[in-house]
Amino acid sequence: MAIRVAHVGTGNVGRLALIQLVTSPRFELTGVCVSTTEKVGKDAGELAGLEVSTGITAVDDLDALLATRPECVVYCAMGDTRLPEAMADVMRILAAGINVVGSSPGLLQYPWGVMPDRYIARVEDAAQQGNSSLFISGVDPGFANDLIPFALASTCQRIEQVRCMEIHDYASYDGAEVMHYMGFARPLDEIPMLLQPGVLSIGWGTAIRQLAAGLGIEVDEITESYQREPAPEDFDIAVGHVAKGTLAALQFEIRGMVKGHPAIVIEHITRLRPDLRPDWQQPASGGGSYRVEITGEPSYAVDIVPSSRYGDHNQAAIAGAAGRIVNAIPAVLAAPPGIRTTMDLPFITGSGLYAREGVVAA
C-alpha cells in the first residue's frame, strides 16, 4: 500500500522532492503547502515542473495540509533564515501524530551539543506526544559528511582525521536567498549572516558532532575560519550581477578539535568562476564535487562527482539531497518516536528505485 505523504515547500530541494512523490508508486500525495501567494491553487504536478495533473492543489495553510491525514510530511521550507518558524512547524506536525522528513531545520540533523537542551527537549516532547519521528538531512550538511564518511570509517583500523569538502562553482545556482546569506556579490566590507562569528560552527556543528559521536570521540571545541576573494571584473551569474570588488569566491573551514588536533574538518570552497583562486582545491570533475579524506590506516581520498541529465552539478547535488530525504520515509515511519539520525536509521538502499527510460519501477 502506498504511503500517504504531504509536502511543504517547493523551492530548489522541495521541487525535486515533489517530483519523486508525484511519480513514485510508493507514495500517495495528499497535499502540498506553499508560502508564496502565486503558487496557491496550482496543481502539484505543475509545481514539480511535470506535465501531469495530480488533482492536488497547493494551499498556504499548514492546518489544511495536516487535515489530509498524511502518514509523513516532507518538510522543505526555508529554515536557514526562518529558524523559529521552521522549528514551530515541525513540532506542530510531530505533535499531530505525523512523521517528518526534510531538509530543514538543519540544526535538527544532529542537534546534541549544538542546540540548547531545552529546545531539543521541546522537539522530543512533541514527537512523544504524537508518537512520531523526525529525520532531517541533505547533501552537505548531509550524506556527504555523515553517511559516506561512516561507510569509509567502518573499514579503517585507525583514524587520525576525517575531512569532508564541498568544492562547487555556484554561478548556475539560482537560490538568491542562500547566495545573499553567503555574501556573494556583496561588498567585502560587509560580513554576511553566514560569516558572523559562530554561525558556521552552528550550521555545520551538526555534522561535526555526529561524526564525533560515530567515531566515539569528544570534541573539545569547534573552531572556524574563512577566506574571501573579490571579483576581478564585472560579470553575471544565475541570480544576477556581480560587480568588480564584490565577493566572488569563498573558502571556509569548521574544525572539531580534540586535544588541539583538528580531528574532524568540514571545508567548503565556493566559486562564481572557475578561474578564481586556482590555489584553492579544484573539483574532481566539471563544476563541482564532494571529497571525503580519511587520514589513518588505511587512508582514503574519495571524490564524489554528481551529475544530472536535467542540469549541471548544482542540479545533481540538490537532487541527491531530495532523494536522500524521500527515500528515508519508510525507515522513519518504522523508527521509534523522536529525533532520528543517520546513525540510528537502518541502511537505506534505494529499494524500488530501479527504472529504465525515466519510468520508476513499482
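Note: the structure precedes this text.
A short tour of the structure in this document, coming up. This is a predicted model, so every value here is computed, not measured. (Residues numbered from 1 in each chain as written. Predicted model: local features only at pLDDT ≥ 70, side-chain atom pairs only at ≥ 80, totals over all residues. Heavy atoms only, no water.)

## Remarks on the pairing of strand β11 (residues 261-271)
Next, step 1: The buried fraction of β11 amounts to nine of the eleven residues, a majority that puts the element mostly inside the structure.
Next, step 2: Of the pairings in the sheet, the one linking strand β6 (residues 158-169) to β11 comprises eight bridges and is parallel in character. Residue pairing across strands places histidine 168 opposite threonine 270, the latter belonging to β11.
Next, step 3: Sheet topology note: the strand β10 (residues 247-258)/β11 ladder contains ten bridges and is antiparallel. Residue pairing across strands places leucine 250 opposite threonine 270, the latter belonging to β11. (Buried < 20%, exposed > 50% of the residue type's maximum accessible area, 1.4 Å probe, protein only. Helix = DSSP H or I, 4+ residues; strand = E, 2+ residues; numbered from the N terminus. Pairing = 2+ DSSP bridges.)

## Quick notes on helix α1 (residues 12-23)
Next, step 1: With twelve residues, α1 extends 18 Å between its outermost C-alpha atoms, agreeing within 8% with the 16 Å of an ideal straight helix rising 1.5 Å per residue.
Next, step 2: Those residues of α1 not exposed but buried are Gly14, Leu16, Ala17, Leu18, Gln20 and Leu21. (Expected span 1.5 Å × (residues − 1).)

## Points about the pairing of strand β2 (residues 27-33)
Next, step 1: Among the seven residues of β2, six are classified as buried, and the element is accordingly described as predominantly covered.
Next, step 2: Relative to β2, strand β1 (residues 3-8) runs parallel, the two being bridged by six bridges. Paired with arginine 4 across the bridge in β2 is glutamate 28.
Next, step 3: Each parallel crossover has a hand, and the one from β1 via α1 to β2 is right-handed. (Right-handed = clockwise from strand over helix to strand, strands pointing away.)

## Let's talk about the nonpolar core
In a soluble, globular protein the nonpolar side chains are often hidden away together inside.
Next, step 1: Judged by nonpolar contacts, the single largest core of 74 residues is most densely connected at Leu21, Val32, Val74, Val101, Leu194, Leu272 and Ile329.
Next, step 2: Once residues lying within four places of it in the same chain are set aside, the contact partners of valine 74 are Val5, Ala6, His7, Val8, Ala17, Leu21, Val101, Ile325 and Ile329.
Next, step 3: In terms of nonpolar packing, the next biggest core, distinct from the first, is built from 28 residues, Leu94, Val114, Met115 and Ala126 among them. (Core = buried A, V, L, I, M, F, W, Y, C linked by side-chain atoms within 4.5 Å. Contact = heavy atoms within 4.5 Å.)

## Focus: the environment of proline 116
Next, step 1: Mapped onto the fold, proline 116 is located in the loop between β4 (99-102) and α5 (117-130).
Next, step 2: In this structure proline 116 comes out as partly exposed when scored by relative accessible area, which is 34%.
Next, step 3: Taking the C-alpha atoms as reference points, proline 116 and valine 265, 149 residues apart in sequence, are found 23 Å from one another.

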